[in-house]
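# Geometric and topological summary
Read off the chains here:
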Amino acid sequence: MASRAGPRAQGTDGSDFKHREKVASHYQMSVSLKSEIRKLNIVHVLIWLLVAAQVTVSNMGLVSHDLVAAPYQWEYPYLISIVPSIFSFLALPRNNISYLVLAMISSGLFCIAPLIYGAMEMFPVAQQLYRHGKAYRFIFGFSAVSVMYLVMVIAIQVHAWQIYYSKKLLDAWFTSTQEKKKK
């Protein structure tokens, strides 16, 4: 560190840094995992906005069904998937374990489950498109089943990474809690 006398304290060669305290690894991990979870939450909110826009536009009849297809049944329960992101956003600033656990559980229920149901619901339509090359629902000129499967693949990955990073973050938080109890 710089001092009034110059860039280095007199009597040292700069090799006396080993005695200084270091940030514990679980705190470093907590910061990096929080950052990753925030990024994934933002991507999830963007996916949610796309699905919500498609459902809203279709149900309100703002554009013709030739331009934007009617939503599949799985899209309605998927709209509840904003709840885990809200819990996650609330958990991160103050290391709230309860909210993060709620976010993980509700992510499985409200995010992953509707996507699995949607994959099963759309499978016959995708099979028909693959075998016969015929699509009956379109989103901006593209086959609706193809577009929604693409959204589903991205969403499954986002939610899987959210759950994985949340679990690792919980482990880091429990490590710091256990160390505080030992002292």
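Positions within a chain are numbered from 1, following the residues in the order the chain's sequence is written. Side-chain atom pairs in this predicted model are given and counted only at pLDDT of 80 or more, local residue features only at pLDDT of at least 70, and totals for whole chains, interfaces and linings cover all residues. The basis for every side-chain value is the complete set of heavy atoms in the structure, and neither hydrogens nor water enter the calculation.

### Examining the overall build of the chain
Inclusion rule: Strands are runs of DSSP state E lasting at least 2 residues, helices are runs of H or I lasting at least 4, and numbering of each runs from the N terminus. Burial status follows relative accessibility: with a 1.4 Å probe on protein chains alone, a residue under 20% of its type maximum counts as buried, one over 50% as exposed, and anything between as partly exposed. Here, two residues are considered to be in contact whenever any of their heavy atoms come within 4.5 Å of each other. Only the protein chains shown count as covering a residue, and every accessible area follows the Shrake-Rupley method with a 1.4 Å probe.
Helix and strand content of the chain: 5 helices and 2 strands. Put simply, the chain runs from its N terminus to its C terminus through helices and strands in the order α-α-α-α-β-β-α. Counting every position in the chain, which comprises 183 residues, the buried fraction comes to 32%. A fraction of 75% describes how many contacts in the chain between residues 6 or more apart in sequence connect residues 24 or more apart. Total accessible area computed for the chain in this model is approximately 11900 Å², and 65% of it derives from carbon and sulfur atoms.

### Some remarks on the UniProt feature "transmembrane region" (unreviewed entry) in the chain
Stated formally: UniProt positions are given in the numbering used here, feature names are shortened, and annotations may be inferred rather than shown by experiment.
As recorded in UniProt, the feature "transmembrane region" (unreviewed entry) lies at residues 42-64, 76-92, 99-118 and 138-158. Annotated as residues 42-64, this span is 83% helix and 0% strand, and its ends, taken at the C-alpha atoms, are 30 Å apart. Across residues 76-92, the secondary structure splits into 76% helix and 0% strand, with the terminal C-alpha atoms separated by 28 Å.

### Looking at helix α1 (residues 25-60)
Worth spelling out the cut-off: Expected span of a helix: the number of residues minus one, times 1.5 Å.
In this model α1 runs 51 Å from its N-terminal to its C-terminal C-alpha over 36 residues, within 8% of the 52 Å that 1.5 Å per residue would give. Just beyond α1, the residue with positive phi is G61, at close to 70°.

### Concerning the packing of aromatic side chains
Where we set the bar: Only centres within 6.5 Å qualify two rings of Phe, Tyr or Trp (six-membered ring in Trp) as a pair; their planes then separate them into stacked at under 30 degrees, edge-to-face at over 60, and tilted for everything else. Any Lys NZ or Arg CZ that is within 6 Å of a ring centre and within 35 degrees of that ring's normal is treated as a charge sitting over the ring.
Summed over all chains, the structure comprises 5 aromatic pairs. By the ring-pair criterion, three or more aromatic residues cluster together here, those being W161, Y164 and Y165. If you follow R137 out to its NZ or CZ, it ends over the ring of Y72, 4.0 Å from the centre.

### Brief notes about the nonpolar core
The test is simple: As used in this record, nonpolar core signifies buried Ala, Val, Leu, Ile, Met, Phe, Trp, Tyr and Cys residues forming a set joined through side-chain atoms within 4.5 Å.
With 29 residues, the main nonpolar core has Y72, W74, Y78, M122 and L169 as its most contacted residues. Only α1, α4 (97-132) and α5 (144-182) provide two or more residues apiece to this core. Sort the elements by how many residues they give to this core and α5 lands first, with 11 residues. When near neighbours in sequence (up to four residues on either side) are disregarded, Y72 contacts E121, M122, V125, R137, A144, V145 and M148.

### A word on the pattern of salt bridges
Worth spelling out the cut-off: In the sections that follow, a salt bridge refers to a side-chain nitrogen of Lys or Arg positioned within 4 Å of a carboxyl oxygen of Asp or Glu.
What the rule picks out here adds up to 2 salt bridges. Its salt-bridge partner being K39, residue E36 comes within 3.6 Å of it at the nearest N-O pair. Taken as a pair, E36 and K39 lie in helix α1 at a separation of 3 residues, close to a single helical turn. Look at E36 and you get partly exposed, because its relative accessible area is 30%.

### Let's talk about unusual backbone geometry
The general pattern is negative phi for most residues beyond glycine and trans for most peptide bonds. For N95, which is not glycine, the phi dihedral falls at a positive 55°. Along the polypeptide, N95 turns up in the loop between α3 (82-91) and α4. The backbone phi angle of F140 is positive, close to 50°, even though this residue is not glycine.

### Topic: the packing of α1 against α3
Inclusion rule: To define axes, lines are fitted to C-alpha atoms, for helices over the stretch in contact only, and angles between the resulting N-to-C directions are given on a 0 to 180 degree scale. Any angle between 65 and 115 degrees counts as roughly perpendicular, while under 35 counts as roughly parallel, over 145 as roughly antiparallel, and the rest as oblique. Crossings are assigned a handedness: left-handed for a near helix turned anticlockwise from the far helix by less than a right angle, right-handed for a clockwise turn. Polarity classes work like this: nonpolar for Ala, Val, Leu, Ile, Met, Phe, Trp, Tyr, Cys and Pro, charged for Asp, Glu, Lys and Arg, and polar for all others, with Gly in that last group.
Between α1 and α3, whose axes approach to 10 Å, the crossing angle comes to 150°. Judged by the inter-axis angle, α1 sits roughly antiparallel to α3. α1 and α3 meet at a crossing whose hand is left-handed. From α1, I37, N41, I42, H44, V45 and W48 reach across to α3, where they touch I82, S85, S88 and F89. Looking at side-chain class alone, the contact of α1 with α3 contains 6 nonpolar, 4 polar and no charged residues.

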